[in-house]
Amino acid sequence: MSEPTQPVHTTHTVGRTRVLTGAKPTSDLHVGNYFGAIRPAIEASHNPSNEVILMCVDWHGLTDRSKILEPGKYTAAVLATYLTMGFSLENNMIILQSEIPEIPEIAWYLSCVSAVGLLERAHAYKDALSSGKEPTAGLFNYPILMASDIVTFDAQVVPVGKDQSQHLEYASDMVRLFNNAVGRPVLFEPKPLIQSTPLLIGVDGERKMSKSYGNHVPLFAPKKDIEKRIKEIKTDSKGLDDPKDPETCAVFQILKSFGSAEAIEYMEQRLRTGTGYGYGHAKKDLIDEHERVFGSKRELYEHYINNPRELAQKLEPGHTRARQIAATVRQRVRDALNLGIL
Ligand code: TRP
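Residues numbered from 1 in each chain as written. Predicted model: local features only at pLDDT ≥ 70, side-chain atom pairs only at ≥ 80, totals over all residues. Heavy atoms only, no water.

Asks: Would you mind showing me how to read the site of the ligand here?
Replies: In the neighbourhood of the ligand, the contacting residues comprise Leu20, Thr21, Gly22, Lys24, Val57, His60, Tyr142, Met146, Asp149, Val158, Val160 and Gln164. Between a nitrogen atom of the ligand and a side-chain N or O atom of Tyr142, the distance comes to 2.7 Å. Interatomic distance of 2.9 Å between a side-chain N/O atom of Gln164 and a nitrogen atom of the ligand. Relative to its unbound accessible surface of 360 Å², the ligand loses 89% to contact with the protein. Taken together, the residues of the shell around the ligand break down into six nonpolar, four polar and two charged. (Near = heavy atom within 4 Å. Polar contact = N/O pair within 3.5 Å; in protein donor to acceptor, adjacent residues only side chain to side chain. Areas by Shrake-Rupley, 256 points an atom, 1.4 Å probe, with all protein chains shown as cover. Nonpolar A, V, L, I, M, F, W, Y, C, P; charged D, E, K, R; others polar.)

Here's what the structure looks like:
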């Protein structure tokens, strides 16, 4: 008889797949984040065959000494964004990583089966070294903490961007090393789901949208700031009546990342035909659609930011359930290691 490859006692809910993903609270969110990570997680939360755990991974945001105060500053903004934009808390959870003490405990167990050489080959660590930065031990251990996020909740599917595929391979390696070391399947091996969302271009029309390049369109900034940002979008010099190519038009690409199907189709048509529709018109339409999708929710967003207690209350049932799952997995791991007196 062959050995079972997955733990017999899991914490899963019958008929649901546990989907787990993480977002670092290291800045106010922008349209690029919405498109790449927020919208997919919100959509997944509305699929009844999923049980989604969305983690705000504040511990992961601490690994750079000079930015150690940032996660605490941005956590509420990240949590409020997910709630405001419609993440469904019914049967799903949004949790703050630093509220779950089992994660670093299980990270320790994983670190005791992981070779230093594995961590030395991690891209983020190697990049820090080669750019002459002095990596912290926190950065070095980042992949272990991430693997622990995943195994502490018996995650089955982990949707991430391409840049995270190495981290997920490491998580699988650590699960196998651990299960082999204790001689039975205790930790659940997650399946990566590598998302192929194309990168969203910034208002400079050149580089990927990123807060660090200053080329981003924010989600909930005051309306006049959004307008100013959208008016800055670089376009080519085609005139009012010339046909224009939506594929190379940053205004259209940004609209596509959050707009309704009708708004997208309308702009695409008008650009292609050209007549009487210049880039100024397109920008005005983009501003209107941004106002419709995000501006109409600005008040709710600000309400959460100004009432963190209410935000915490909304998340509490999820935290309670997440703590139960984490406690069960922790016990399973401690039993497998024969830890404890009794
Ligand atoms: N490392 C991920 C990133 O930078 C964030 C992350 C932390 C994560 N823990 C996770 C993603 C667990 C998925 C699952 O994007």
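After that view, the rundown keeps rolling.
Asks: Can you walk me through a nonpolar patch on the surface in this structure?
Replies: On the surface, Leu62, Ile68 and Leu69 cluster together to form a nonpolar patch covering roughly 290 Å² of accessible area. One can find Ile68 in the loop between β2 (50–56) and α2 (70–84). A relative accessible area of 44% means that Ile68 is categorised as partly exposed. (Patch = residues over 30% accessible without salt bridge, like charges linked within 9 Å, V, L, I, M, F, W, Y side chains within 5 Å. Salt bridge = Lys/Arg side-chain N within 4 Å of Asp/Glu carboxyl O. Helix = DSSP H or I, 4+ residues; strand = E, 2+ residues; numbered from the N terminus. Buried < 20%, exposed > 50% of the residue type's maximum accessible area, 1.4 Å probe, protein only.)

Asks: Mind showing me how you'd approach the environment of Leu54 here?
Replies: On the secondary structure map, Leu54 appears in strand β2. Taking the C-alpha atoms as reference points, Leu54 and Gln97, 43 residues apart in sequence, are found 9.6 Å from one another. Setting aside chain neighbours within four positions, we find Leu54 in contact with Thr21, Ala41, Tyr82, Phe87, Met93, Ile94 and Ile95. (Contact = heavy atoms within 4.5 Å.)

Asks: Help me understand helix α3 (residues 102–111) in this model?
Replies: It helps to recall that an α-helix has 3.6 residues per turn; residues three or four apart then point in one direction. Those residues of α3 not exposed but buried are Glu102, Ile103, Ile106, Ala107, Tyr109 and Leu110. Looking down the long axis of α3, one finds its buried residues gathered within 160° of arc, a one-sided arrangement. Tucked inside the fold, the buried residues of α3 contact β2, α7 (142–152), α8 (165–182) and α14 (308–336). (Arc of directions from axis to C-beta.)

Asks: Please explain unusual backbone geometry as it appears in this structure.
Replies: Only a minority of non-glycine residues have a phi that is not negative, and only a minority of peptide bonds are not trans. For Asp154, which is not glycine, the phi dihedral falls at a positive 50°. The exposure class assigned to Asp154 is buried, which follows from its relative accessible area of 0%. Positive phi is not limited to glycine here, since Asn338 has a value of about 60°. Relative to the elements of secondary structure, Asn338 occurs in the segment after α14.

Asks: Just checking my understanding: could you explain the nonpolar core for this structure?
Replies: Soluble globular proteins tend to bury their nonpolar side chains together. In this structure, Val31, Tyr82, Ile254 and Phe294 are the most contacted members of the largest nonpolar core, which totals 55 residues. A per-element tally of this core places helix α1 (residues 31–45) first, with seven residues. Contact partners of Tyr82, with chain neighbours within four places excluded, come to Ala23, Ala37, Ile38, Ala41, Ile42, Leu54, Phe87 and Ile94. Counting 43 residues, the second largest nonpolar core, distinct from the first, contains Ile95, Tyr170, Phe178 and Ala322. (Core = buried A, V, L, I, M, F, W, Y, C linked by side-chain atoms within 4.5 Å.)

Asks: Teacher, can you tell me more about the side chain of Asn50 here?
Replies: Locating Asn50 in the fold gives a position in strand β2. Its relative accessible area of 13% is what places Asn50 among the buried residues. Here Ala44 takes part through its backbone oxygen, which lies 3.2 Å from a polar atom of the side chain of Asn50. The contacts of Asn50, once residues within four sequence positions are left out, are Arg16, Thr17, Val19, Ala44 and Asn92.

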